Amino acid sequence: MYESIRVASRGSASVLVVGQQKGKGLDKATAKLDTEGWIASAAKRAEASGDVGSMAEVNEVEGYDRVIVLGLGDGECMSATGLRKAAGVLLNRLDAIKAESVELALAGALGGSVKDEAVAGSAFGEGLGLAGWSCETFRGEATGAKPGLKLSLHPSGKRFTGGIERGLALAESANIARTLSQTPPNVATPAWIAAEAKKMARTTGLKCTVLSGRQLEDERMTGLINVGKASENLPRLIRLEYTPSGGGRKNAKPVVLVGKTMTYDSGGLSIKVGGGMKGMKRDKDGGCAIFGAMHAIATVIKPRVPVVALLVAAENAISDEAYRPDDVLTFRNGVTVEVTNTDAEGRLVLADGLCWACDKENPAAIVDMATLTGGVVVALGSTFAGMWCDDDSLRKKLDEASCASGELVWRLPHHDEYREMMKSPIADIVNSAPVREAHPIQGAAFLSYFVDKNIPWAHIDIAGTHAASSSKPPFIAGPTGFGTRLLAEFLDRF
Ligand code: BES
Ligand code: ZN
Ligand code: ZN
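Residues numbered from 1 in each chain as written. Chains lettered and ligands numbered in written order. Predicted model: local features only at pLDDT ≥ 70, side-chain atom pairs only at ≥ 80, totals over all residues. Heavy atoms only, no water.

Here we look at the overall build of the chain
Definition in use: Secondary structure elements are defined from DSSP: runs of H or I of at least 4 residues count as helices, runs of E of at least 2 residues count as strands, and each element is numbered from the N terminus. Every radius of gyration here is taken over C-alpha atoms, with the globule rule written as 2.2 Å times N^0.38, N being the number of residues. Three labels apply to residues, based on accessible area from a 1.4 Å probe with only protein chains included: buried if under 20% of the type maximum, exposed if over 50%, partly exposed otherwise in between.
Across its full length, the chain holds 15 helices and 19 strands. Taking 494 residues into account, the globule formula puts the C-alpha radius of gyration at 23 Å, and the chain, at 24 Å, falls close to it. C-alpha atoms of the chain, sized along the principal axes, occupy 80 × 55 × 45 Å. Looking at the 494 residues of the chain, the share that counts as buried comes to 57%.

Description of the packing of helix H6 (residues 190–204) against helix H9 (residues 285–301)
Each pair of packed helices gets described by two things: the angle between the helix axes and the distance between those axes. How we decide: Interaxial angles span 0 to 180 degrees and are taken between N-to-C directions of axes, which are lines fitted to C-alpha atoms, for helices over the stretch in contact. Any angle that is under 35 degrees is reported as roughly parallel, and any over 145 degrees as roughly antiparallel; angles of 65 to 115 degrees are reported as roughly perpendicular and all others as oblique. The contact definition used throughout considers only heavy atoms, calling two residues in contact when any of these lie within 4.5 Å. For this classification, Asp, Glu, Lys and Arg are treated as charged, while Ala, Val, Leu, Ile, Met, Phe, Trp, Tyr, Cys and Pro are nonpolar and the rest, including Gly, are polar.
For the pair H6 and H9, interaxial distance at closest approach is 10 Å and the crossing angle is 10°. Classed by the angle they form, the pair H6 and H9 counts as roughly parallel. For the pair H6 and H9, contact is made by Ile193, Glu196, Ala197, Met200 and Thr204 and by Phe291, Met294, His295, Ala298 and Thr299, respectively. Looking at side-chain class alone, the contact of H6 with H9 contains 6 nonpolar, 3 polar and 1 charged residues.

Considering the domain arrangement of the chain
Quick reminder of the rule: How far each domain reaches was decided by an automatic or database domain assignment. Here's the idea: put two parts together, see how much 1.4 Å probe accessible area each one loses, and the total over both is what we call buried area. Salt bridges, as used here, are contacts in which a Lys or Arg side-chain nitrogen is within 4 Å of a carboxyl oxygen on Asp or Glu. We call two N or O atoms a polar contact when they sit within 3.5 Å, provided that within protein one can donate a hydrogen and the other can accept it, with sequence-adjacent residues counted only if both atoms are side-chain atoms.
Annotation of the chain at the domain level lists domain 1 (4–175) and domain 2 (183–492). Between the C-alpha centres of domain 1 and domain 2 there is a distance of 35 Å. Each partner contributes to the roughly 1600 Å² buried at the junction of domain 1 and domain 2, and carbon and sulfur atoms together form 66% of this total. Applying the counting rule to domain 1 against domain 2 returns 3 salt bridges. A salt bridge links Arg485 to Glu126, with the shortest nitrogen-to-oxygen separation between them at 2.6 Å. At the surface where domain 1 touches domain 2, the tally comes to 8 residue pairs in polar contact (both at pLDDT 80 or more). Here the element with the most residues in the side of domain 1 that touches domain 2 is helix H5 (residues 158–182); it accounts for 6 residues. When its residues are assigned to classes, the side of domain 1 that touches domain 2 shows 8 nonpolar, 4 polar and 5 charged.

Remarks on the sheet that holds strand E5 (residues 101–105)
How we decide: At least two DSSP bridges between two strands are needed for those strands to be called paired.
As summarised here, the arrangement of the 6 strands in space is E1-E6-E5-E2-E4-E3, forming an open sheet in which the pairing is mixed. Edge positions in the sheet fall to strand E1 (4–7) and strand E3 (55–61), since each has one partner strand and no second. With direction set aside, neighbouring strand axes in the sheet form an average angle of 25°. Here 4 bridges tie strand E2 (residues 15–21) to E5, and the two strands are oriented parallel to one another. Each residue of the ladder has a partner; that of Val18, found in E5, is Ala105. Across the sheet, helix H3 (residues 80–96) touches E1, E2, E3, strand E4 (64–73), E5 and strand E6 (150–155), and the angle it forms with E4 is around 155°. Lying on the sheet, H5 is in contact with E1, E5 and E6; it crosses E1 at an angle near 155°.

Comments concerning the coordination of the zinc ion (ligand 2)
Cut-off, in case you're wondering: Donors, by definition, are the N, O and S atoms found within 2.8 Å of a metal, the threshold being 3.2 Å for Na, K and Ca, and water is not counted, so a site can look incomplete. For four-coordinate sites, all angles between 85 and 135 degrees define a tetrahedron; for four- and six-coordinate sites, opposite donors beyond 155 degrees with the remaining angles between 65 and 115 define square planar and octahedral shapes respectively, and all other cases count as irregular.
The zinc ion (ligand 2) binds to the protein through Asp265 (OD), Asp343 (O), Asp343 (OD) and Glu345 (OE), with metal-donor distances spanning 2.0 to 2.2 Å. Coordination at the zinc ion (ligand 2) comes from 6 donor atoms whose angles at the metal span 72 to 167°, giving a geometry best classed as irregular. Every donor residue of the zinc ion (ligand 2) comes from the same chain, spaced as D-x77-D-x1-E. Assessed through its relative accessible area of 3%, Asp265 is described here as buried. On the basis of relative accessible area, Asp343 is assigned to the partly exposed category, the value being 23%.

What about the sheet that holds strand E12 (residues 336–338)?
Strand order in the open sheet formed by 3 strands is E11-E12-E16, and the pairing between neighbours is mixed. The open sheet has two free edges, formed respectively by strand E11 (328–330) and strand E16 (429–430), since each of these has just one partner strand.

Digging into the coordination of the zinc ion (ligand 3)
Protein coordination of the zinc ion (ligand 3) is provided by Lys260 (NZ), Asp265 (OD), Asp283 (OD) and Glu345 (OE), with donor distances spanning 2.0 to 2.4 Å. Taken together, the 6 donor atoms coordinating the zinc ion (ligand 3) span angles of 76 to 174° at the metal, a pattern that classifies the geometry as octahedral. The distance between the zinc ion (ligand 3) and the zinc ion (ligand 2) comes to 3.2 Å, with Asp265 serving as a donor to both metals. Separated by 62 residues along the polypeptide, Asp283 in the loop between strand E9 (255–265) and H9 and Glu345 in the loop between E12 and helix H10 (346–360) bring together distant segments of the chain. Neither residue differs from the other here; Asp283 and Glu345 are each classed as buried.

As for the pattern of salt bridges
Inspection of the entire model under this criterion finds 31 salt bridges. One salt bridge connects Lys423 with Glu420, and the closest N-O pair in it is separated by 3.1 Å. Here Lys423 falls in the partly exposed class, since its relative accessible area comes to 43%.

Quick word on the site of ligand 1
Formally: Throughout, near means a residue has at least one heavy atom within 4 Å of the molecule or strand. Computed with a 1.4 Å probe, the accessible areas rest on the Shrake-Rupley method; for each residue, only the protein chains presented here act as cover.
As a structural note, the neighbourhood of ligand 1 is formed by 17 residues, with Lys272, Asp283, Asp343, Glu345 and Gly374 the closest of them. Asp265 is positioned such that a nitrogen or oxygen atom in its side chain is 2.9 Å from an oxygen atom of ligand 1. Isolated, ligand 1 exposes 520 Å² of accessible area, and the fraction of that covered by the protein chains is 85%.

Things to note about the side chain of Thr484
Within the element layout of this structure, Thr484 appears in helix H15 (residues 484–492). A relative accessible area of 1% means that Thr484 is categorised as buried. Excluding its chain neighbours within four sequence positions, the residues that come into contact with Thr484 are Ser173, Ala174, Ala177, Cys288, Ala289, Gly292, Ala293 and Glu407.

Overview of a nonpolar patch on the surface
The test is simple: A patch consists of residues whose relative accessible area exceeds 30% and which take part in no salt bridge; residues with like charges are grouped when within 9 Å of each other, and nonpolar side chains (Val, Leu, Ile, Met, Phe, Trp, Tyr) when within 5 Å.
A surface patch of nonpolar side chains, amounting to about 360 Å² of accessible area, comprises Leu269, Ile271, Val273 and Ile318. Position of Ile318 among the secondary structure elements: in the loop between strand E10 (307–316) and E11. Given a relative accessible area of 42%, Ile318 falls into the partly exposed group.

This is how it looks when you write it as structure tokens:
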């Protein structure tokens, strides 16, 4: 896969890519490039259907080694999602033919809901950048090293080019989240993630503070201390802060992002069985997505409001020190929790983050993101993340960001009856109710005990969307970075 993908400032390209709408021949702008008629005849071939990602190729014409006619979908309803996919398919082809420079002449074929060339460029850039991700860090001597090529892009049109640059940058942030997700749990401990956050903060101008040990006790971070205490890899609270340059909007309160960052979820004493544990290195993906979003916020979005990220990082392990079913924990806000299942640990560490956000950050809004429940995977599969948000204005911004990023969220309900389900016979609430019904909603209901009623809040459960089980351009099987682009687009609208 490519080592880097950049917009070139000069030089020429060996591959030309033109766009094609479904069921149509060449558009006028493309026809102008086609002085010899070869491109038009390629566009008539059966494989040039115009469906998203269809491709027909001609060699050695118009001064290029190769011309690719790339399908962009139905002209009437062409979408950013379609452009991301088409870009992903294209990138895989460019990689296969070892192309090093490509001219993107797509403007003439754009249409549908993405007539705006900047928006189209961003989606196309995201698709190229996301498809370009791979993580070879953990290959050793037994795998032959493949030399990574550099790809230079020559897009046409100022707005489209600006969009491509934005999209590539957003993909870079999402790819940071994916690489963190991919990093195994013997490397990516809470302390390691904290060190990575400090490094990222230094290079992007964010502020980073990390709490551990006594500091967590002083701040009554009950969930982190208890969930994390069985592991040698002790918990951390990682706080990243973005301050707008020039002060930003006057008196703006911060948006606070809270991420479940479970570096490994063995289930604890309520141990995961039957293959349920494999893959739980990705139980940190809420925090990884927010890590990536903070990178995008600092480098691409630069919103006019402050943003604070709280990554609640721990490892849910087993030892004689482990917290246990039957323990009762008292949280920072005074709420007591009877532990009924140590595998429902995410909500306990998120509770700390939510209490901290309400108490210490004076937030305009809080958004938490977590691989919280297997139940959300049953409900929504890998297409939508579950979203709980009863604040209309906050929800509207998240819905818009969801459309723009293609990272889809679907609203699920809060209700007092769900809060009732979480009541404990001996403490205030339990961390896992005895019944399985409405499982992902129970998680949201639990969290609601830790958020002040007057603060706009959204909970997003990404257990179904944070990783893909098979390749689906622009993604390969593995981590998707879901949430980084959603939150970046969200802050772009704040
Ligand atoms: N980390 C898991 C949820 C999860 C499941 C994430 C599948 C990604 C893929 C979470 O901590 C968990 O174990 N949840 C339990 C809760 C139950 C014990 C109350 C679940 O959803 O089954
Ligand atoms: Zn768990
Ligand atoms: Zn978990």
